[in-house]
Amino acid sequence: MKDTMIQQVMTEPGKISFREIPVPEPGPDQVLVKIKKIGVCGSDIHVYHGTHPYTSYPVTQGHEVSGQVVKTGAYVTDIKEGQKVTIEPQVFCGRCYPCLHGKYNLCEKLKVMGFQTTGTASEYFAVDASKVTPLPEGMTYSEGAMIEPLAVTVHAAKRFPDLKGAKVVVLGCGPIGILLIQSLKALGAAKVLATDISDMRLELAKSLGADYTVNTAKEDYAEALVRAFGPDKADVAYDCAGSDITMDQAIQNARKGSTIILVAVFGKRASVDLAKLNDSELDLNTSMMYRHEDYVDAIRFVSEGKIQLKPLMSARFAFTDYLKAYEYIDANREKVMKVLIDVDPADE
């Protein structure tokens, strides 16, 4: 192993540089991971544009990741050298009320690698062994880099406890929306109606499990909802678009007494019809990131063939072409799904 490595740094919005630094030495409770693939997230794009409210510069990005363990600390016994792994990027205190009650994804002092603390965008990354999750040998590194966003949707799906046989709406068919459709089906949902304003995204959603689709720029959502599920409509609607338009569609057309779950992050303060929410006694719920069990389920669903990740892989770029990846995403927003960074192009 060489002594130095290349690390990505976003010095300010829109500007990325690379620096050569020493390869870190893992501590006694840590492992050293040779980074293979990194996925680009919508939140990364917000950092690129300078619109992420909780990120300052300079910052090393990278939180959707896969790699191979190349060294283990003296106290690490459950992770072995040579293992394929992914990394859970949450940094939590372990002492606040949510942490002490098993909800560390809601830690009062939560930090996320690549945003409030150093991310994985380097050739090697030293990390606590407790944040490393092994991947099956049959899973590719590219798939492994998508376990993090998949865990987001597995966790979101579970926020509705009665999915078995449920009729579900997913508003918004970006990468998270389409991963959510597959997660819902893997967890027992009976039928899923997907909405978007892009025919391309809706076609992909249909091919990956959506039973019904509607382009709400061309068709009336209320009519499509009844056409899909009948007058009883849906049991639960998930907003994966994060706009006043989609949230209003969900609230105004929900069956009385049903549930709406917000998955997307609103970029500004929302305008929500609370009177209608109250009049229909709707449960408005939310979902925040994931916990370890969601990673475990996400990996299992991919291994069992219940969830497909490769159809969402739109493009890949060399590590030193990080900036070109962002430019590509900006230029192809209507059709791009998941872009991967090949930190180590030798392995798929």
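Rules of the game
Residues numbered from 1 in each chain as written. Predicted model: local features only at pLDDT ≥ 70, side-chain atom pairs only at ≥ 80, totals over all residues. Heavy atoms only, no water. Helix = DSSP H or I, 4+ residues; strand = E, 2+ residues; numbered from the N terminus. Rg over C-alpha atoms; globule rule 2.2 N^0.38 Å. Buried < 20%, exposed > 50% of the residue type's maximum accessible area, 1.4 Å probe, protein only. Contact = heavy atoms within 4.5 Å. Areas by Shrake-Rupley, 256 points an atom, 1.4 Å probe, with all protein chains shown as cover. Salt bridge = Lys/Arg side-chain N within 4 Å of Asp/Glu carboxyl O.

1. Things to note about the overall build of the chain
Secondary structure summary: the chain contains 11 helices and 17 strands in total. Relative to the compact-globule value of 20 Å for 348 residues, the chain shows a C-alpha radius of gyration of 20 Å, a close match. Along the longest, intermediate and shortest principal axes, the C-alpha atoms of the chain span 65 × 40 × 35 Å. Classification of the 348 residues of the chain by burial places 53% in the buried group. Contacts spanning at least 24 positions in sequence make up 69% of the contacts within the chain whose residues lie at least 6 apart. Surface summary for the chain: the accessible area is close to 15,400 Å², and the carbon and sulfur share equals 50%.

2. Section: unusual backbone geometry
Here the amide bond leading from Y57 into P58 is cis, since omega sits at 0 degrees, within 30 degrees of zero. Within the secondary structure, P58 is located in the loop between α1 (42-49) and β4 (64-72). Although it is not a glycine, K233 sits at a positive phi angle of roughly 60 degrees. Inspection of the secondary structure assignment puts K233 in the loop between α7 (221-229) and β13 (236-239). You will see that E281, though not glycine, has its phi angle at about 45 degrees, which is positive. You can see E281 is positioned in the loop between α9 (274-279) and β15 (283-286). For E281, a relative accessible area of 64% puts it in the exposed group.

3. Things to note about the pattern of salt bridges
Summed over the entire model, instances satisfying the criterion amount to 20 salt bridges. With a shortest N-O distance of 3.2 Å, D342 and R316 are connected by a salt bridge. Taken together, the positions of D342 in strand β17 (residues 338-342) and R316 in strand β16 (residues 313-318) put the pair 26 residues apart, joining distant regions of the chain. Assessed through its relative accessible area of 12%, D342 is described here as buried. The exposure class of R316 is partly exposed, given its relative accessible area of 34%. Measuring nitrogen to oxygen at the nearest pair gives 2.9 Å for the salt bridge that ties R333 to D330. Its relative accessible area of 41% is what places R333 among the partly exposed residues. The class of D330 is partly exposed, set by a relative accessible area of 27%. Three or more residues joined by partner-sharing salt bridges are found here, namely K158, D294, D297, R300, E304 and K306.

Scope: geometric values only; no functional claims are made or implied.
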